[in-house]
Amino acid sequence: MRTRLVVLHVLVLTMLVVLAVRLWQVQILRGDEFVHAATETRTRAVVVPAVRGQILDASGRPLVRNRTALVVSVDRTELIRMKDGGAAVLKRLSEVLGSPVRLLERRITPCGPRVTRPCWPGSPYQPIPIDLKATTREALQILERQEEFPGVTAEVQAVREYPGGKAGAQMLGYLQPVTQDELDKREGLKAGFSGVDLVGRDGVEAIYDHYLRGTPGLRRVQVDRMGKALGVEKQVAPIPGDTLITSVDARVQNIVEKAVDGAMKKAPKADGAAGVVLDARTGRVVALASAPGYDPAIWTGGISEKEYQRLLSERAGKPLVSRAIKGSSLLARRSRCRRSRRCCARATRSTARTAVPARSWWAAGRSTTSAASGSAR
């Protein structure tokens, strides 16, 4: 009997020692780690995109501006973690937005060799916008029933708008989500990119993307166990992007666009045309038109496969390509400039030099109108 009691005492003491050691590990050794994990369960970090800077002509008329819109976005990684892969959430979201479930699934599917548009060309680890024209009623239905829509957000964001329509589309460029490969390869972009805003892919939007993009903000929101927001714990305001003032004159640009379209109609067999207007005194580009053109608004919210193929089609005249810069006349000029790298550089970068960041030029005390040297003719 005494032996059994001794063994029992030893077991109890051993268990107490093990519990004490484990308690020391949890509270002292790994205390900070568990405190951080507990804090993360009741707070959510929300990236606030910076408003992208406007692009103006030499007189201050907007070539590209922003409009506010209610944007519904889906976190694909959170949907994948669900037992049904997020099928129930997408079905409820389809009923609210009035869009077919199949269309929503295609919009959040990453683009690939065998995946046609509409698809998601950006990083799969960032929120994917699926509706850029949501109504206030639709947004409230999602926000007030957050437990039924995990991984779905509805926020007011700035959406790109083009007052001139297709005027100067190739010169201005367009926006697309950043890809995961770009984030992995370009550390500078990874540090300054919020994961929810867009980057320039062509034209002025691409050349001056660093100035136009701005700096994203951060908002830490306290939430309950159902994910409903209780209050804001910390907030860092975003810094809007710079406003770009170009040397282009919007009125002259429209005139040149009409002239180029008229020339195309008079030559039925022509597959394209270009027109460039330069300031004879300074050499700056006043207008730069290319035909056939396209409306850059088709990129907003995701372009369809049919429209994308049309922009690259030989039959349609490759509207995505600027004939004023990349046309056959430029190729002939390059052959003449083969011995001069400087000449070739000017010929290929003429459009990029028609714009300057307004903030940096004002800070330097210079004129906000830039001079474009070596423009393509």
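See the structure shown above.
Residues numbered from 1 in each chain as written. Predicted model: local features only at pLDDT ≥ 70, side-chain atom pairs only at ≥ 80, totals over all residues. Heavy atoms only, no water.

1. Here we look at the packing of helix H4 (residues 87-97) against helix H6 (residues 136-144)
Here comes step 1: Packing of H4 against H6 brings their axes to within 10 Å, and their N-to-C directions diverge by 150 degrees. Taken together, the axes of H4 and H6 lie roughly antiparallel to each other. In this structure, H4 crosses over H6, and the sense of that crossing is right-handed. Across the interface between the two elements, Leu93, Val96 and Leu97 of H4 pack against Glu138, Gln141 and Ile142 of H6.
Here comes step 2: Its residues assigned to classes, the contact of H4 with H6 shows four nonpolar, one polar and one charged. (Axes fitted to C-alpha atoms, helices over the stretch in contact; angles between N-to-C directions. Helix = DSSP H or I, 4+ residues; strand = E, 2+ residues; numbered from the N terminus. Parallel < 35°, antiparallel > 145°, perpendicular 65-115°, else oblique. Left-handed = near helix turned anticlockwise from the far one by under 90°. Contact = heavy atoms within 4.5 Å. Nonpolar A, V, L, I, M, F, W, Y, C, P; charged D, E, K, R; others polar.)

2. Brief notes about the environment of Arg284
Here comes step 1: As for its placement among the helices and strands, Arg284 is situated in the loop between strand S11 (273-278) and strand S12 (285-291).
Here comes step 2: Between the alpha carbons of Arg284 and Thr246 there is a distance of 9.7 Å; along the sequence they are 38 residues apart.
Here comes step 3: At 2.8 Å, the side chain of Arg284 and the backbone oxygen of Ser247 are in polar contact. (Polar contact = N/O pair within 3.5 Å; in protein donor to acceptor, adjacent residues only side chain to side chain.)

3. Some points on unusual backbone geometry
Here comes step 1: Cis geometry is adopted by the peptide bond preceding Pro292, which originates at Ala291 and carries an omega value of 5 degrees.
Here comes step 2: Within the secondary structure, Pro292 sits in the loop between S12 and helix H13 (305-312).
Here comes step 3: Of note, the phi angle at Lys318 is positive, near 50 degrees, even though the residue is not glycine.
Here comes step 4: Turning to its location among the elements, Lys318 is positioned in the loop between H13 and helix H14 (323-326).
Here comes step 5: Residue classification places Lys318 among the partly exposed residues on the basis of a relative accessible area of 32%. (Buried < 20%, exposed > 50% of the residue type's maximum accessible area, 1.4 Å probe, protein only.)

4. Brief notes about the state of the cysteines
Here comes step 1: For the coordinates displayed, the defined rule picks out one disulfide.
Here comes step 2: Each sulfur of the disulfide joining Cys111 and Cys119 lies 1.9 Å from the other. Between Cys111 and Cys119, the disulfide has an S-S torsion of 100 degrees and is therefore right-handed.
Here comes step 3: According to the relative accessible area criterion, Cys111 is partly exposed, its value standing at 30%.
Here comes step 4: For Cys119, a relative accessible area of 10% gives the class buried. (Disulfide = S-S within 2.5 Å.)

5. A closer look at the pairing of S11
Here comes step 1: Pairing analysis gives six bridges linking S11 to S12, with the strands arranged antiparallel. From the neighbouring strand, Val276 faces S12, where its bridge partner is Leu288. (Pairing = 2+ DSSP bridges.)

6. Some words on the nonpolar core
Here comes step 1: The biggest cluster of nonpolar side chains holds 20 residues, and the ones touching the most others in it are Val72, Val74, Leu93, Ile108, Ile130, Ile142 and Val152.
Here comes step 2: When residues of this core are traced back to their parent elements, those giving at least two are strand S3 (62-74), H4, strand S4 (128-134), H6 and strand S5 (152-161).
Here comes step 3: At five residues, the largest contribution of residues to this core is made by H4.
Here comes step 4: Setting aside residues no more than four positions away along its own chain, Val74 makes contact with Leu79, Leu93, Ile108, Gln126, Pro127, Ile128, Ile130, Gly151 and Val152.
Here comes step 5: Core analysis: the next-biggest nonpolar cluster, separate from the first, contains 16 residues, Leu172, Leu244, Leu288 and Ala324 among them. (Core = buried A, V, L, I, M, F, W, Y, C linked by side-chain atoms within 4.5 Å.)

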